[in-house]
Each structure stands twice: as structure tokens, then as C-alpha cells.
Amino acid sequence: MKEKLVLAYSGGLDTSVAIKWLQDKYGVDVVAVAVDVGEEKNYEEIREKALKIGAASAYVIDAKEEFARDFILPALKANALYEGRYPLSAALSRPLIAKKVVEIAKREGAKAVAHGSTGKGNDQVRFEVSFMALAPDLKIVAPVREWNLSREEEIEYARKFGIPVPVKKEKPYSIDVNLWGRSIECGPIEDVDREPPEDAFLWTVSPRNAPNEPQYIDLEFKEGEPIALNGEQLSLPELISRLNEIGGRHGIGRIDMVENRLVGIKSREVYEAPAATILITAHKDLESLTLSRELLHFKQNYIDTKYAELIYYGLWFSHLRDCLDGFIKEAEKFVTGKVRLKLFKGSCSPVGRSSPYSLYDISLATYGEGDIFDQRLAEGFVQLWGLPYKIEGRRKRE
Ligand code: ARG
């Protein structure tokens with residue numbers, strides 16, 4: 001009996017060719033696994049395609065709920081943005097896809113797993129480190145990295161084995177999509193000095209075509225988790241889909257950046273992430289109301305930054321993340337309340353916030369009637385706070 005290999009299958013050309021290639025090169029039975037993280041593709045067609053190409057069996061796994069609950073939510077609580085901008089949509093999905101592939105590998109008694117990432121990107125790292133952490137004994141194969149075929153050779157290979165090749169002239173982009181965002185690479189995007197062409201965008205309108213009237217929305221959080229939109233309780237995947245749609249209509253969440261990849265190169269990346277942009281903006285705003293200054297700064301500078309890096313670097317399944325999650329769980333205890341946002345022509349601005357655990361005290365903050373802040377106390381405070389600099393100042397003079 002042939003040995004089995006489980007392949008993370010997307011239905012695209014690379015992983016379709018990989019089914020055949022892996023059978024040829026390694027003499028294995030290929031088990032294809034397509035994981036639905038909210039791309040809104042026809043997964044039944046994808047399953048049939050895998051079987052038609054020659055997969056021994058094919059699975060479709062709906063992981064949207066798990067993606068939202070166990071991957072997006074922790075990232076949101078950490079306000080995770082790589083290099084301060086990228087909400088990590090693709091980066092978050094890879095460990096989940098890897099987890100599903102490993103589950104199937106165990107069920108099928110497979111000895112090996114494979115993914116369709118190239119050798120130039122971050123995704124190979126995320127897949128493989130996740131495989132290694134979850135199933136240290138599985139062999140890992142990266143066909144696209146190994147076969148070294150040019151696009152033309154790959155298409156020729158596909159034709160030879162009757163693998164469907166996209167007929168119509170495709171857009172020149174490489175796209176990755178899930179609930180948390182859409183990434184656009186390649187083609188005209190590679191010219192860092194050129195504005196991304198409008199046809200790169202699918203989820204968002206150009207802010208110039210967004211409504212001329214602002215729209216206000218209310219988001220409610222409980223211990224850092226968004227639970228309601230405009231007073232309506234929604235499941236997390238539903239809330240995210242709605243915000244993608246509402247934000248997209250206002251042109252919110254377009255990101256254009258030069259990003260530092262793990263493999264050492266800089267790369268021009270364009271993203272559309274309306275829901276991620278809105279939710280992270282709102283969540284940060286609520287933290288500003290409910291976390292003390294030192295906790296807020298510590299979390300921002302050390303925890304959140306590290307969390308985003310760890311996701312980008314493929315270290316999702318690490319003890320480091322467990323430890324950071326422990327910190328975040330405690331920190332988010334009081335991040336409960338509401339944030340009102342104004343959506344207008346590509347911008348998303350918090351304009352109001354409230355919480356039963358608010359640390360904002362108007363009787364201390366006000367410059368008007370009812371001020372209870374005792375300004376006399378500030379005198380001694382400032383003297384001691386400034387004392388070291390007074391001493392420095394003397395040294396400089398001498
Ligand atoms: N630069 C982003 C990242 O590394 C996007 C990757 C998109 N992946 C893809 N296979 N198209 O997370």
C-alpha cells in the first residue's frame with residue numbers, strides 16, 4: 001500500500017499541479033484538504049476538482065468559526081498590526097490551515113504533509129513551523145519550492161495531465177483572502193513608486209466614491225471581545241463580515257506599505273481590511289479609557305508589538321504566545337464598554353466611548369465647574385519629578 005501525504009489544497013493552479021507532481025515524484029497517495037477561512041469560494045467544486053486531478057481523497061473543512069474565535073480574536077485583543085499597519089490576515093490563517101492538515105494526517109495515518117507556498121514568502125515559514133510544532137515527526141514537503149518550474153512550464157505540465165488551467169487572462173495579482181482581510185501582491189504592485197491601480201481593490205470603494213455623508217456605528221465589547229454592532233448581538237464571524245461590508249462602502253481599510261519579510265527582502269504589499277481596521281481602532285480606543293497609563297503603555301510597547309511579530313514570524317504555536325495570552329487575558333478584564341465610530345471617506349474615527357470600568361473622571365479632568373483636582377499637590381510633584389534634570393542642568397553648566 002502506498003504511503004499517504006496530506007496537502008493543504010486551495011483549488012488554485014499551484015496546489016492542483018502539486019497533487020499530480022507529488023504522486024509522480026514521491027509515489028504517495030495525496031489527500032487534499034481545503035480549509036474554509038472565509039474566502040467565499042465554492043468548496044464543493046474545489047473538493048471535486050482535487051478528486052478529478054487524482055487525489056486519493058479530499059476534505060473540505062469549514063473553519064470560519066474557529067478562525068474567528070481562536071485566531072482573529074486573540075490578535076484583536078493584542079491590536080496586532082505588523083510594522084504598525086498590516087492586520088496579519090494571511091499570517092493568521094496559516095497556523096489554522098496547518099492545524100487542520102495535521103488533524104487529517106493523524107486521522108489518515110499519513111507520514112507526510114505538504115503546502116503550496118513558494119520559497120520567497122512568509123507563508124512557507126508559517127506552515128512549516130506550525131507543522132513542526134504540532135507534529136514534530138511528520139515529513140514536510142514544499143512542492144512549489146522544489147519543482148522549480150517557470151509559469152509556462154507549470155501550465156504545460158498542467159495541460160499534459162488534464163489539470164484545468166485558468167482560461168481567461170487573469171489579473172496580474174497574487175491574492176490571498178479570508179475573513180480578516182485581502183492581500184494583493186505582484187504585477188503593478190511591485191513598482192513601489194506607483195499608486196496601486198483601482199482594479200487591485202475588490203472589497204473597498206475608492207474613498208472619492210464613498211458616500212458624502214458620514215455613517216456612525218456603535219461597537220460593544222466585553223473583556224476585549226466585540227459582541228454587538230449597533231445594539232445587535234452578533235457572532236464574531238457575522239460581526240466581521242458586516243463590518244467588512246459597511247467599512248468597504250466607506251473606503252475604509254486600504255493599506256499600502258513596504259513590508260519586511262522574514263526571508264530578508266522588502267516587499268510592496270497592498271491590503272484591504274475594513275473590519276480589522278474598524279475593530280482594532282475601536283478596541284484601542286476602549287483600552288485608552290479603561291487601562292491605566294502604565295499598563296496601556298506596557299501592553300502597546302511590549303505585548304502588542306511582540307504579538308504581531310510572533311504572528312508574522314510563524315510562531316503561533318509557541319509557549320511565548322501562551323504567555324502573552326495570559327497577560328492579555330488579565331489586562332482585558334476591564335475592556336468592556338462601547339465605542340462610537342464615524343466612518344467617512346476612507347477614515348474611521350472614534351468619536352465617543354463609555355465603560356462601566358472607565359478610568360476617566362470628569363471631576364478630575366474638567367477645567368469647568370465642579371473641579372476637585374487639587375492643584376497645590378502638583379507643586380511638590382513637579383519639583384521631585386524634575387529634580388534629576390535640575391541636577392543634570394547644573395552639571396552641564398559647570
Ligand atoms: N505579505 C503578507 C504576509 O506575509 C501577505 C501574504 C499573502 N500570501 C499569499 N500566499 N498570497 O502575510
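Caption draft 1: Quick look at the sheet that holds strand β13 (residues 337–344). Ordered by their spatial adjacency, 5 strands build an open sheet running β10-β9-β8-β13-β14, and the pairing between neighbours is antiparallel. At either margin of the open sheet sits one strand with a lone partner, and together these are β10 (232–233) and β14 (347–354). Bridge count for strand β9 (residues 225–229) against β10 is 2 bridges, and the pairing is antiparallel. When the bridges of β10 are listed, Leu229 appears paired with Glu232. Contacts between helix α8 (residues 236–249) and the sheet are confined to β8 (215–222), β9, β10 and β13, with β9 contributing the most and set at about 65° to the helix. Against the sheet, helix α9 (residues 274–290) makes contact with β8, β9, β13 and β14, and its axis sits at roughly 135° relative to β13, the strand it touches most.

Caption draft 2: Representation of the site of the ligand in the model. Neighbouring the ligand are 15 residues; Tyr86, Asn122, Asp123, Arg126 and Glu259 lie closest to it. In this structure, a nitrogen atom belonging to the ligand sits 3.5 Å away from a side-chain N or O atom of Glu185. Take Glu269: an N or O atom from its side chain is 2.9 Å from a nitrogen atom of the ligand. In the complex, the protein chains occlude 88% of the 340 Å² of accessible area that the ligand would expose alone. Those elements giving two or more residues to the shell around the ligand turn out to be α4 (89–108), α5 (123–134), β6 (174–178), β7 (181–185) and β12 (266–272).

Caption draft 3: Structural view of α4. A rise of 1.5 Å per residue sets the reference length of α4, with its 20 residues, at 28 Å; its end C-alpha atoms lie 29 Å apart and thus fit the reference within 8%. Immediately beyond the C-terminal end of α4, within one or two residues, lies Gly109, with a positive phi of roughly 65°.

Caption draft 4: How the structure looks around the sheet that holds strand β4 (residues 112–114). Overall, parallel pairing links the 5 strands, which are arranged β3-β2-β1-β4-β5 in an open sheet. Of all the strands in the sheet, the pair left with one neighbour each is β3 (57–62) and β5 (139–141). This sheet shows a mean twist of 25° between the axes of neighbouring strands, independent of strand direction. By the bridge criterion, 3 bridges tie strand β1 (residues 4–8) to β4 in an arrangement that is parallel. Across the sheet, the residue bridging to Leu5 is Ala112, located in β4. Docked against the sheet, α5 engages β1, β4 and β5, running at close to 170° with respect to β5.

Caption draft 5: Structural context of helix α1 (residues 13–26). For α1, spanning 14 residues, the distance from its first C-alpha to its last is 19 Å, which sits close to the expected 20 Å at 1.5 Å a residue. A bend of about 30° at Lys20 is the largest found in α1. Of all 14 residues in α1, 10 are buried; the element is thus mostly enclosed. For α1, the set of buried residues is Leu13, Thr15, Ser16, Val17, Ala18, Ile19, Lys20, Trp21, Leu22 and Gln23.

Caption draft 6: Quick look at the packing of α1 against helix α7 (residues 151–160). Running from N to C, α1 and α7 point in directions that differ by 65°, and their axes come no closer than 10 Å. Taken together, α1 and α7 sit at an angle that is classed as roughly perpendicular. Crossing of α1 over α7 shows left-handed handedness. Across the interface between the two elements, Leu13, Asp14, Val17, Lys20, Trp21 and Asp24 from α1 touch Arg151, Glu154, Ile155, Tyr157 and Ala158 from α7. For the contact of α1 with α7, the per-class residue count stands at 6 nonpolar, no polar and 5 charged.

Cut-off values and rules
- Residues numbered from 1 in each chain as written.
- Predicted model: local features only at pLDDT ≥ 70, side-chain atom pairs only at ≥ 80, totals over all residues.
- Heavy atoms only, no water.
- Pairing = 2+ DSSP bridges.
- Helix = DSSP H or I, 4+ residues; strand = E, 2+ residues; numbered from the N terminus.
- Contact = heavy atoms within 4.5 Å.
- Axes fitted to C-alpha atoms, helices over the stretch in contact; angles between N-to-C directions.
- Near = heavy atom within 4 Å.
- Polar contact = N/O pair within 3.5 Å; in protein donor to acceptor, adjacent residues only side chain to side chain.
- Areas by Shrake-Rupley, 256 points an atom, 1.4 Å probe, with all protein chains shown as cover.
- Expected span 1.5 Å × (residues − 1).
- Bend = angle between axes of the 7 residues up to and from the residue.
- Buried < 20%, exposed > 50% of the residue type's maximum accessible area, 1.4 Å probe, protein only.
- Parallel < 35°, antiparallel > 145°, perpendicular 65-115°, else oblique.
- Left-handed = near helix turned anticlockwise from the far one by under 90°.
- Nonpolar A, V, L, I, M, F, W, Y, C, P; charged D, E, K, R; others polar.

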